[in-house]
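Survey of secondary and tertiary structure
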Amino acid sequence: MTAANDWEQTLADNTGLWQQFVEGIWATVTDTSMWMAALEVLLRIVMILVISRIARIMVNRIIDQFTHARSAKRLKIRTRRVQTVGKLLKNTAGYAINFIVILLILSEFHISLGPLLAGAGVVGLAIGFGAQSLVKDIISGFFIILEDHFSVGDVIETGKFKGTVEMIGLRSTRIRNWTGEVHIIPNGSIVDVTNYSVHESLAVVDFSVAATDSLDEATDTIRSVLNRFEDPNVIGKPELLGVQSMGASDVVLRITAVCKPNTQGSVSRRLNAELKKAFEAAENPRYFSREASERVVG
């Protein structure tokens, strides 16, 4: 009988606990003030999201207004640089607005933000110490784009690398040299840059003639070549500066030609070829051999 009584008492206690649990849930569900408070919190969260969306649209429009192609032309700034900076500003503004939204939503749930901000500061400090090179690369990339050190398509030389810029990112820059190799350089490692594509270049040709040749005849032959020389990359007309140096057997004459950026190599090669042909036609002994000419004709 005692065991049966104990079982009945335990069952009655469990039934009472279950009833209390059900009554507590029902009281919570039917608590009008609780639902009103939850509705107010939900409405405030929706308002925060809507206002943040409006703020982001307004900020993006302001950035677009200042980085529009027409504004860039009016301010005489490269369009590519302005557009790149505009995208960077949009991303930065988006991250800042999203971070503020998250903090405001957490505050609506009465979560203390002090410990979270302190913890985030410690984590950020640890990440900063562990990723110093990455931060350096990003900051350097930002200033490369902002100050327009070089653009995609420019031919540059930095350190031991020289080639055409294929990509400029916030972390790295990709350069392809003339033989096809691609070099990926962290922006933090780019210290000194020589840009060959910004201003006009100068092709310099040193052409040697025999010291026993008539200087007047040599200069006349060279000037005849320069007068008829045509190349789409040459600006103006090539110029014969005169005697650059003299030796026991050679006299070196210097020729210069102003040309488009980074075209001085091809212009120099064409000038050398035309000068060689002209001296061959003049049967200059240094550049012409009658036996070789007869063999070619034969």
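No experiment lies behind these values; they were computed from the predicted model shown.

Let us look at the overall build of the chain. When helices and strands are counted, the chain shows 9 helices and 8 strands. Taken over 298 residues, the chain has a buried fraction of 26%. Summarising the internal contacts of the chain: among those between residues at least 6 apart in sequence, 61% fall at separations of at least 24. Put simply, the chain shows about 20,200 Å² of open surface, and 61% of that area lies on carbon and sulfur atoms.

The geometry of helix H7 (residues 215–228) relative to helix H8 (residues 264–281) is characterised by a closest axis approach of 10 Å and an angle of 130 degrees between their N-to-C directions. The angle between the axes of H7 and H8 places the two elements in the oblique class. The crossing of H7 and H8 is right-handed. Contact residues: Ala 218, Thr 221, Ile 222, Val 225, Leu 226 and Arg 228 in H7; Leu 271, Glu 274, Leu 275, Ala 278 and Phe 279 in H8. Taken together, the residues of the contact of H7 with H8 sort by class into 8 nonpolar, 1 polar and 2 charged.

Another point: the side chain of Ser 201. Position of Ser 201 among the secondary structure elements: in strand E6 (residues 201–210). At a separation of 3.0 Å, a polar atom in the side chain of Ser 201 contacts the side chain of Gln 264. With sequence-adjacent residues up to four places away left out, Ser 201 is seen in contact with Ala 257, Val 258, Cys 259, Lys 260, Pro 261, Asn 262, Thr 263 and Gln 264.

What follows concerns the pattern of salt bridges. On inspection of all chains with the given rule, the structure shows 8 salt bridges. Between Arg 176 and Glu 166 there is a salt bridge; the shortest N-O distance is 2.6 Å. With Arg 176 in strand E3 (residues 172–176) and Glu 166 in strand E2 (residues 161–168), this pair connects stretches of sequence that are 10 residues apart. We classify Arg 176 as partly exposed; its relative accessible area is 33%. As a salt-bridge pair, Arg 254 and Asp 206 come within 2.7 Å of each other at their nearest N and O atoms. With Arg 254 in strand E8 (residues 250–259) and Asp 206 in strand E6, this residue pair connects regions lying 48 residues apart in the sequence. Overall, the relative accessible area of 40% leaves Asp 206 in the partly exposed class. Within this structure, Glu 166, Arg 174 and Arg 176 form a network of salt bridges that share partners.

Glycine aside, residues mostly have negative phi angles, and peptide bonds mostly take the trans form. Its identity is not glycine, yet Asp 148 carries a phi of approximately 55 degrees, on the positive side. Positive phi, close to 55 degrees, is recorded for Glu 283, a residue that is not glycine. Inspection of the secondary structure assignment puts Glu 283 in the loop between H8 and helix H9 (290–297). When its relative accessible area of 42% is taken as the criterion, Glu 283 is described as partly exposed.

Here we come to the nonpolar core. Core analysis: the largest hydrophobic core is formed by 22 residues, its most contacted members being Phe 207, Ile 222, Ile 255, Val 267, Leu 271, Leu 275 and Phe 279. Broken down by secondary-structure element, the contributors of at least two residues to this core are E6, H7, E8 and H8. Among all residues touching Ile 255, those that are not within four sequence positions of it are Ala 203, Val 204, Val 205, Ile 222, Leu 226, Pro 238, Glu 239, Leu 240, Leu 271 and Leu 275. In terms of nonpolar packing, the next biggest core, distinct from the first, is built from 10 residues, Ile 145, Val 165, Ile 168 and Ile 185 among them.

The rules behind the values
Here the residue numbering is sequential within each chain, running from 1 through the sequence in written order. For this predicted model, a pLDDT threshold of at least 70 governs which residues receive local features, and a threshold of 80 or more governs which side-chain atom pairs are given and counted, while totals over whole chains, interfaces and linings are taken from all residues. Note that water and hydrogens are dropped before the side-chain values are worked out from all heavy atoms of the structure. What counts as a helix is a DSSP run of H or I of at least four residues, what counts as a strand is a run of E of at least two, and both are numbered from the N terminus. Burial status follows relative accessibility: with a 1.4 Å probe on protein chains alone, a residue under 20% of its type maximum counts as buried, one over 50% as exposed, and anything between as partly exposed. Whether two residues touch is decided by their heavy atoms; if any such pair falls within 4.5 Å, the residues are in contact. The method behind every accessible area is Shrake-Rupley, applied with a 1.4 Å probe, and residues are considered shielded solely by the protein chains displayed. All axes are obtained by fitting lines to C-alpha atoms, using only the stretch in contact for helices, and the reported angles, taken between N-to-C directions, cover 0 to 180 degrees. For classification purposes, angles smaller than 35 degrees are called roughly parallel, those larger than 145 roughly antiparallel, those between 65 and 115 roughly perpendicular, and all remaining angles oblique. Throughout, a crossing is termed right-handed when the near helix is turned clockwise from the far one, and left-handed when it is turned anticlockwise from it by less than a right angle. Amino acids outside the nonpolar list (Ala, Val, Leu, Ile, Met, Phe, Trp, Tyr, Cys, Pro) and the charged list (Asp, Glu, Lys, Arg) are all regarded as polar, and Gly is one of them. Under this definition, polar contacts are N or O atom pairs within 3.5 Å; protein pairs additionally need one hydrogen-donor-capable and one acceptor-capable atom, and for neighbouring residues in sequence, both atoms have to be side-chain atoms. Salt bridge criterion: a side-chain nitrogen from Lys or Arg within 4 Å of a carboxyl oxygen from Asp or Glu. For this analysis, a nonpolar core means a set of buried residues of the types Ala, Val, Leu, Ile, Met, Phe, Trp, Tyr and Cys, connected via side-chain atoms within 4.5 Å.

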